[in-house]
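Commentary on secondary and tertiary structure
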Amino acid sequence: MIGRLSGTLAEVRPPLLLVDVQGVGYEVLTPMTTIFELPSLGQPVQLHTHLAVSETVQQLYGFLRDAERKLFRTLIKISGVGPKLALAILSGLDGAALAHCVAEDNVAALVKVPGVGKKTAERLIIELRDKLTPDFNDANDIPLVPATAAPEVNHVSEAESALAALGYKPAEASKMVARAGKEQPDADSATLIRLALKGMVLA
């Protein structure tokens with residue numbers, strides 16, 4: 001079991017990261033909440049990881065905070081919620097927002113996450129009610145430093161690809177990014193994704 005990675009942030013292709021650990025590159029899937037708080041490319045990064053093993057693939061999932069990993073592990077224990085869906089949930093809702101949804105029985109907000117239907121949303125609320133409180137806080141003192149990107153990166157395309165990887169349909173992802181672009185025309189891909197997800201939850 002790989003529980004933690006400490007290395008250099010070599011590449012960011014949301015929701016996938018490449019972390020160089022002494023010459024070995026580890027591909028790690030991360031929620032957007034982690035993407036938004038990454039250091040710049042080429043800088044040291046440490047991730048709390050979870051190794052998901054299936055019959056066909058082994059995939060690492062990474063989080064800047066142990067509290068986020070614990071929440072991820074709590075989610076994947078719920079019937080009908082696998083690692084991919086847990087990643088989508090934590091990308092659209094951070095721990096505090098998810099806790100508020102649970103406390104307020106807010107099914108409407110949860111079903112906006114791709115892959116979450118009404119029954120799954122209701123199951124999430126029931127299963128998490130005793131595990132998350134409205135004052136849940138998974139934050140710590142990690143500085144908010146945006147990841148750098150190459151000048152030629154198409155931020156719109158990268159944002160759309162990231163949302164599609166989370167389960168949003170291509171047409172829906174395109175509309176979400178377009179709305180975000182109108183709100184902040186010069187935004188980079190990480191900002192576009194953040195605004196798109198925020199707009200989806202609040203819509």
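Everything discussed here concerns the structure shown above.
Below you will find a few notes about this structure.

How each quantity is defined
Residues numbered from 1 in each chain as written. Predicted model: local features only at pLDDT ≥ 70, side-chain atom pairs only at ≥ 80, totals over all residues. Heavy atoms only, no water. Helix = DSSP H or I, 4+ residues; strand = E, 2+ residues; numbered from the N terminus. Buried < 20%, exposed > 50% of the residue type's maximum accessible area, 1.4 Å probe, protein only. Contact = heavy atoms within 4.5 Å. Pairing = 2+ DSSP bridges. Axes fitted to C-alpha atoms, helices over the stretch in contact; angles between N-to-C directions. Parallel < 35°, antiparallel > 145°, perpendicular 65-115°, else oblique. Left-handed = near helix turned anticlockwise from the far one by under 90°. Arc of directions from axis to C-beta.

1. Some thoughts on the overall build of the protein
Counting its regular elements, the protein contains nine helices and five strands. Each helix (α) and strand (β) of the protein, taken in turn from the N terminus, gives the series β-β-β-α-β-β-α-α-α-α-α-α-α-α. Burial status across the protein gives 44% buried among its 203 residues. Taking the intrachain contacts of the protein between residues at least 6 apart in sequence as the baseline, contacts between residues at least 24 apart amount to 58%.

2. Overview of the pairing of strand β1 (residues 4–13)
Relative to strand β4 (residues 44–53), β1 runs antiparallel, the two being bridged by five bridges. From the neighbouring strand, Thr 8 faces β4, where its bridge partner is Pro 44. Where β1 and strand β2 (residues 16–21) come together, five bridges link them in antiparallel fashion. The partner of Leu 9 across the bridge, within β2, is Val 19.

3. Examining the environment of Leu 51
Take Leu 51: it is sitting in strand β4. The exposure class assigned to Leu 51 is buried, which follows from its relative accessible area of 19%. With residues near it in sequence (within four places) discarded, Leu 51 still touches Met 1, Ile 2, Gln 58, Gln 59 and Leu 60.

4. What to know about the packing of helix α2 (residues 66–76) against helix α3 (residues 83–92)
Two elements in contact, α2 and α3, have axes whose closest approach is 9 Å; the angle formed by their N-to-C orientations is 130°. When the interaxial angle is binned, α2 and α3 end up oblique. Here the hand of the crossing between α2 and α3 comes out right-handed. Contacts from Glu 68, Leu 71, Phe 72, Leu 75 and Ile 76 in α2 reach Pro 83, Ala 86, Leu 87, Ile 89 and Leu 90 in α3.

5. Some words on helix α7 (residues 155–165)
Given 3.6 residues per helical turn, the α-helix brings residues three or four places apart onto the same face. Every buried residue belonging to α7 is among Glu 158, Ala 159, Ala 162 and Leu 163, and all of these are buried. Each buried residue of α7 sits inside an arc of 135° when the element is viewed along its axis, so together they form one side. Two residues or fewer after α7 comes Gly 167, characterised by a positive phi angle close to 115°.

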